[in-house]
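Notes for the structure review
Chain by chain, the residues:
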Amino acid sequence: MNPDALTEQLALFLDVLDAGSFSAAARRHPLTPSAVARRIDALERALGSTLFVRSTHAVKATPAGLAFAERAKRVLAELRLARAEAVSLSSAPEGLIRIDAPSPFGRRHLAPAIAEFLTSYPGLDVQLRLIDSFVDMLGESLGQVDLVLRIGPLADTRLVATPLAPMVRILCASPEYLRRRGIPRDPRELPEHDGLDWDALAPPYAWRFEVDGKLQHIRPGRMRMTANNAETLVFSALAGLGIAHLPTWLISEYLVRGELVALFCDDGLPAPEPSGIYALRLEGEASSRSRLLLEFLKNRFGPVPPWDLALGGLGRT
């Protein structure tokens with residue numbers, strides 16, 4: 001098996017383990033659920049061991065599957081690092097990489113990653129433009145920039161999307177709010193609480209919860225604050241104004257410090273949303289320096305993002 005095929009196979013296996021189903025893993029790859037199942041079957045035959053127990057609604061790792069996963073994560077990380085090192089050693093990359101990204105994610109996660117990347121590649125420069133609104137769903141700025149980071153569902157366009165990280169969304173509130181109003185134990189209690197929400201263009205998976213086996217849209221009864229900026233909702237939650245439903249990449253640091261409390265996470269983080277965090281580029285126009293940065297970011301942010309790993313007991317291991 002060549003290195004690219006091995007990398008893809010291991011990444012697919014880990015996505016099935018992480019997502020808990022073939023269909024959810026298929027959404028992270030250009031594959032159908034049946035194609036994912038066939039590839040996992042082939043991997044099991046090659047290893048001579050059963051990695052998953054399948055049921056109608058989910059797949060669960062066997063003890064052999066869990067043990068293999070620990071090795072697979074290390075092998076995948078080493079393969080990605082080896083590829084990046086091979087590229088850097090074969091020719092010293094030079095030139096400018098232009099990137100558009102959403103401001104909150106850019107400040108928290110992308111800017112530190114790019115600083116580390118540039119330290120390793122002194123011949124490269126980056127022009128990073130952080131945007132406060134939803135970022136260019138159709139990639140219309142591509143042509144002026146090399147990469148656009150996009151968070152959320154992707155439109156069906158001519159663009160090539162590279163998955164960088166899954167996205168998990170959880171309910172959270174400040175300790176002060178929960179002392180004052182009580183801790184909801186079930187999503188159906190949300191209408192009795194105050195909330196914080198997006199103004200107009202809300203994320204498609206916000207306030208969606210599985211109740212009695214069905215995905216239901218349940219919101220707080222009163223919205224104390226609505227805004228078109230994610231960080232505004234975080235500040236309002238920290239001030240004790242209500243409950244927010246926000247991605248872990250945005251609130252992980254506050255959960256770790258105890259400034260916000262995660263709700264409905266007694267069994268760990270919920271499953272990732274079908275959408276995630278992507279880098280978009282024009283088909284056939286990726287420069288070698290852009291590909292180098294993409295490999296670096298995929299390794300930095302996946303397969304389990306550092307902001308989810310930081311949650312410790314809440315996260316999946």
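Let us look at the structure shown here. Keep in mind that what you see is a predicted model, and the values were worked out from it rather than measured.

Calculation notes
Residues numbered from 1 in each chain as written. Predicted model: local features only at pLDDT ≥ 70, side-chain atom pairs only at ≥ 80, totals over all residues. Heavy atoms only, no water. Core = buried A, V, L, I, M, F, W, Y, C linked by side-chain atoms within 4.5 Å. Buried < 20%, exposed > 50% of the residue type's maximum accessible area, 1.4 Å probe, protein only. Contact = heavy atoms within 4.5 Å. Axes fitted to C-alpha atoms, helices over the stretch in contact; angles between N-to-C directions. Helix = DSSP H or I, 4+ residues; strand = E, 2+ residues; numbered from the N terminus. Parallel < 35°, antiparallel > 145°, perpendicular 65-115°, else oblique. Nonpolar A, V, L, I, M, F, W, Y, C, P; charged D, E, K, R; others polar. Polar contact = N/O pair within 3.5 Å; in protein donor to acceptor, adjacent residues only side chain to side chain. Pairing = 2+ DSSP bridges. Expected span 1.5 Å × (residues − 1). Left-handed = near helix turned anticlockwise from the far one by under 90°.

**So, the nonpolar core**
Formed by 46 residues in total, the largest nonpolar core has its most connected members in Phe105 and Ile251. Leaving out residues up to four positions away in the same chain, Phe105 has contacts with Leu110, Leu149, Ile151, Trp249, Ile277, Phe301 and Trp307. Judged by nonpolar contacts, the second largest core, of 23 residues, contains Leu10, Phe13, Leu31 and Ala72.

**Considering the packing of helix α5 (residues 103–120) against helix α8 (residues 248–257)**
Packing of α5 against α8 brings their axes to within 10 Å, and their N-to-C directions diverge by 55°. Between α5 and α8, the angle is such that the two are oblique. When α5 is examined against α8, the residues Pro104, Phe105, Arg108 and His109 are found in contact with a partner set consisting of Trp249, Leu250, Glu253 and Tyr254. Split into classes, the residues belonging to the contact of α5 with α8 amount to five nonpolar, one polar and two charged.

**Brief notes about the side chain of His29**
Looking at where His29 falls in the secondary structure, it is placed in the loop between α2 (22–26) and α3 (33–47). We classify His29 as buried; its relative accessible area is 18%. Side chain to side chain, His29 and Asp15 meet in a polar contact 2.6 Å long. His29 has contacts with Ala11, Leu12 and Asp15, leaving out every residue within four places of it along the chain.

**Topic: α8**
Summarising burial for α8: seven of the ten residues are buried, a large majority. Among the residues making up α8, those that are buried are Thr248, Trp249, Leu250, Ile251, Ser252, Tyr254 and Leu255. Trailing α8 by a residue or two, Gly258 shows a phi angle of about 80°, which is positive.

**Thoughts on the sheet that holds strand β7 (residues 169–173)**
With mixed pairing, five strands are arranged side by side in an open sheet as β11-β8-β12-β7-β13. Each having just a single partner strand, β11 (222–227) and β13 (261–263) make up the two edges of the open sheet. Averaged over neighbouring strand pairs, the angle between their axes works out to 40° when direction is ignored. Relative to β13, β7 is paired through three bridges, and the arrangement is antiparallel.

**Focus: helix α9 (residues 288–301)**
With 14 residues, α9 should cover 20 Å at 1.5 Å per step; its first-to-last C-alpha distance of 20 Å lies within 8% of that length. Of the residues making up α9, those classed as buried are Ser290, Leu292, Leu293, Leu294, Glu295, Phe296, Leu297 and Phe301.

**Here's the deal with the packing of α5 against α9**
Two numbers describe how α5 lies on α9: the axes approach to 11 Å, and their chain directions differ by 120°. Taken together, the axes of α5 and α9 are oblique relative to one another. As α5 packs across α9, the resulting crossing turns out to be right-handed. Contacts between α5 and α9 involve Phe105, His109, Leu110, Pro112, Ala113, Glu116 and Phe117 from the former and Leu292, Leu293, Phe296, Leu297, Arg300 and Phe301 from the latter. Classifying every residue of the contact of α5 with α9 gives ten nonpolar, one polar and two charged.

**A closer look at the sheet that holds strand β14 (residues 276–282)**
The five strands lie next to each other as β4-β3-β5-β14-β6, forming an open sheet whose pairing is mixed. Looking at the sheet topology across the chains shown, the edges are occupied by β4 (124–131) and β6 (159–166). Sheet twist, expressed as the mean angle between neighbouring strand axes with direction ignored, is 25°. In the sheet, strand β3 (residues 95–102) pairs with β4 via eight bridges, with the strands oriented parallel. By the bridge assignment for β4, Asp100 is matched with Arg129. Of the strands in this sheet, β3, β4, β5 (147–152) and β14 are in contact with α5, which crosses β4 at around 175°.

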